[in-house]
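Here is what each chain is made of, one letter per residue.
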Amino acid sequence: MAATKKSYARQAGYVSPPQPVDAQPVLSTDAWDTHVHVFDSSIGPFAPSRAYTPAQATLGQLLSFGSSLTTDKPGNVVLVQPSPYGSDNTVLLESLKALHNAGAHSARGVAVVDINEISDDELQTMHDVGVRGLRVNTQADGRSADVEALRDVVVRTASRIRHLSGWKIQLFCAASVWDDLFDAILDLPVEVIADHMGGLRGSSKLEDSHLHPTKQPGFDALVRLARQPKVYIKISALYRSSSRAGTGYDDLEPIVRALAEAVPDRLVWASDWPHTGEGTDRAKRGRDAVESFRVIDDTMRLFNIALNHDTKSSVRRVPIVITQLPVVRDWRLNSLSSDEADLLAIGSSR
């Protein structure tokens, strides 16, 4: 029997913080939050070379947050290794184990590794715990990526994980990288997840604010890769792509609308909980200063949830509309259900 929200958090070994009395669950139990983090110094230390030190965000708090968005147990999550832990995945793996031990079989992970050092046996152990992909993060410290070095890492990573069922590369990069790596990604033996809007920016964050957002470098290449299909695009962390919080990040509407029209089946949603801060300010603060999380009302970001049935594949999907783009009311973003085995690093446990 499935655990209730309260007992589910307790079985995981954590005490959930109190729920807001006005929280209204808005996600179906089939929905997936495809990008969340856990920061817990009681499980493992941050990397000495980290770019910043985040506040604490425990698994118990994550479960409480999930309860505020879902109509039942908050088990459908993808835990993503955050940059402050470097390639030490202890917190990620222990959190996955706790979720599985509590009966949350619909939890998956995306790890970070040194692809030159990790063994095939270690990758298999991660797979057995629930990891279904590796993250390549070029945006943690706000510096520009070395494109040739990045190409080499992506190609070598794909070669190492191609034999693992359902594994993908999650790439957090500037939008222009999709132009630079187009041919390389097209030839990869695995699929790629474009993290956080694929690095695309609204006009408020473009150097040329008069440039239409869909004309920025990388947009066309990203859409073409999604159509192949080689790439999934994650609609998440809109605050990283736009400075217009006061107007609901409305300068991203042309981008999301264009993506929804061009590649609706290649879009997935994520909350990006617990909403880490702005990377461009980290060098000024110093890595030891504890960085607060952004204050984001996630229940207000989710407008409407409904079930849609794909008659061709008999696969249930959960369409999601996000109110952070207040003008948009007629498009849907597909968050994937647990029926879609090993798709987007959140499939079956095989």
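Check the entry above for the structure.
First, a word on scope: everything that follows refers to the structure included in this document. (Residues numbered from 1 in each chain as written. Predicted model: local features only at pLDDT ≥ 70, side-chain atom pairs only at ≥ 80, totals over all residues. Heavy atoms only, no water.)

**Thoughts on the overall build of the protein chain**
Scanning the protein chain for helices and strands turns up 12 helices and 14 strands. Relative to its full complement of 350 residues, the protein chain shows a buried share of 56%. Across the protein chain, the fraction of contacts at a sequence separation of at least 24, relative to all contacts at a separation of at least 6, is 72%. In the structure as shown, the protein chain presents an accessible area of about 15000 Å², 49% of it carried by carbon and sulfur atoms. (Helix = DSSP H or I, 4+ residues; strand = E, 2+ residues; numbered from the N terminus. Buried < 20%, exposed > 50% of the residue type's maximum accessible area, 1.4 Å probe, protein only. Contact = heavy atoms within 4.5 Å. Areas by Shrake-Rupley, 256 points an atom, 1.4 Å probe, with all protein chains shown as cover.)

**Here's the deal with the environment of E191**
Along the chain, the position of E191 falls in the loop between α7 (182–186) and β7 (192–194). The spacing of E191 and G166 is 25 residues in sequence and 9.0 Å in space, taken between C-alpha atoms. Excluding residues that lie within four positions of it along the chain, E191 makes contacts with K168, I169, P229, K230, Y232 and R266. One polar contact links E191 to R266, side chain to side chain, over a distance of 3.2 Å. (Polar contact = N/O pair within 3.5 Å; in protein donor to acceptor, adjacent residues only side chain to side chain.)

**A few points about the packing of aromatic side chains**
Applying the stated rule across the entire model yields five aromatic pairs. Ring plane angle 20° and centroid distance 6.3 Å describe the contact between F39 and Y85, whose orientation is recorded as stacked. Taken together, the positions of F39 in the loop between β1 (33–36) and β2 (53–54) and Y85 in the loop between β3 (77–80) and α3 (90–101) put the pair 46 residues apart, joining distant regions of the chain. Taking the centre distance of 4.9 Å and the plane angle of 35° together, the rings of F46 and Y85 count as tilted. You can see F46 sitting in the loop between β1 and β2 and its partner Y85 sitting in the loop between β3 and α3, a full 39 residues away along the chain. Accessibility classification places F46 together with Y85 in one group, the buried group. Among the aromatic residues, those joined into a cluster by ring pairs are F39, F46, Y85 and F293. Sitting over the ring of F182, R224 keeps its end group 4.2 Å from the ring centre. (Phe/Tyr/Trp six-rings, centres within 6.5 Å; stacked < 30°, edge-to-face > 60°. Lys NZ or Arg CZ within 6 Å of the ring centre and 35° of its normal.)

**Concerning the pattern of salt bridges**
All chains considered together, the criterion is met by 12 salt bridges. When the shortest N-O distance is used, the salt bridge between E191 and K168 registers 3.7 Å. With E191 in the loop between α7 and β7 and K168 in strand β6 (residues 168–172), this pair connects stretches of sequence that are 23 residues apart. Residue E191 is classed as partly exposed on the basis of its relative accessible area of 21%. (Salt bridge = Lys/Arg side-chain N within 4 Å of Asp/Glu carboxyl O.)

**Points about the nonpolar core**
In this structure, L79, I169, W178, V231, I233 and L259 are the most contacted members of the largest nonpolar core, which totals 74 residues. In this view, I233 contacts A194, M197, G198, L222, A226, L259, V263, R266, L267 and V268; residues no more than four positions away in its chain are not counted. (Core = buried A, V, L, I, M, F, W, Y, C linked by side-chain atoms within 4.5 Å.)

**Remarks on the pairing of β3**
Taking every second residue as pointing to the same face, both faces of β3 are buried, with V77 and L79 on one and V78 and V80 on the other. Bridge analysis of β1 against β3 gives two bridges, and the strand direction is parallel. Across the sheet, V36 pairs through a bridge with L79, a residue of β3. Pairing analysis gives four bridges linking β3 to strand β4 (residues 107–111), with the strands arranged parallel. By the bridge assignment, V78 is partnered in β4 with R108. (Pairing = 2+ DSSP bridges.)

Scope: geometric values only; no functional claims are made or implied.
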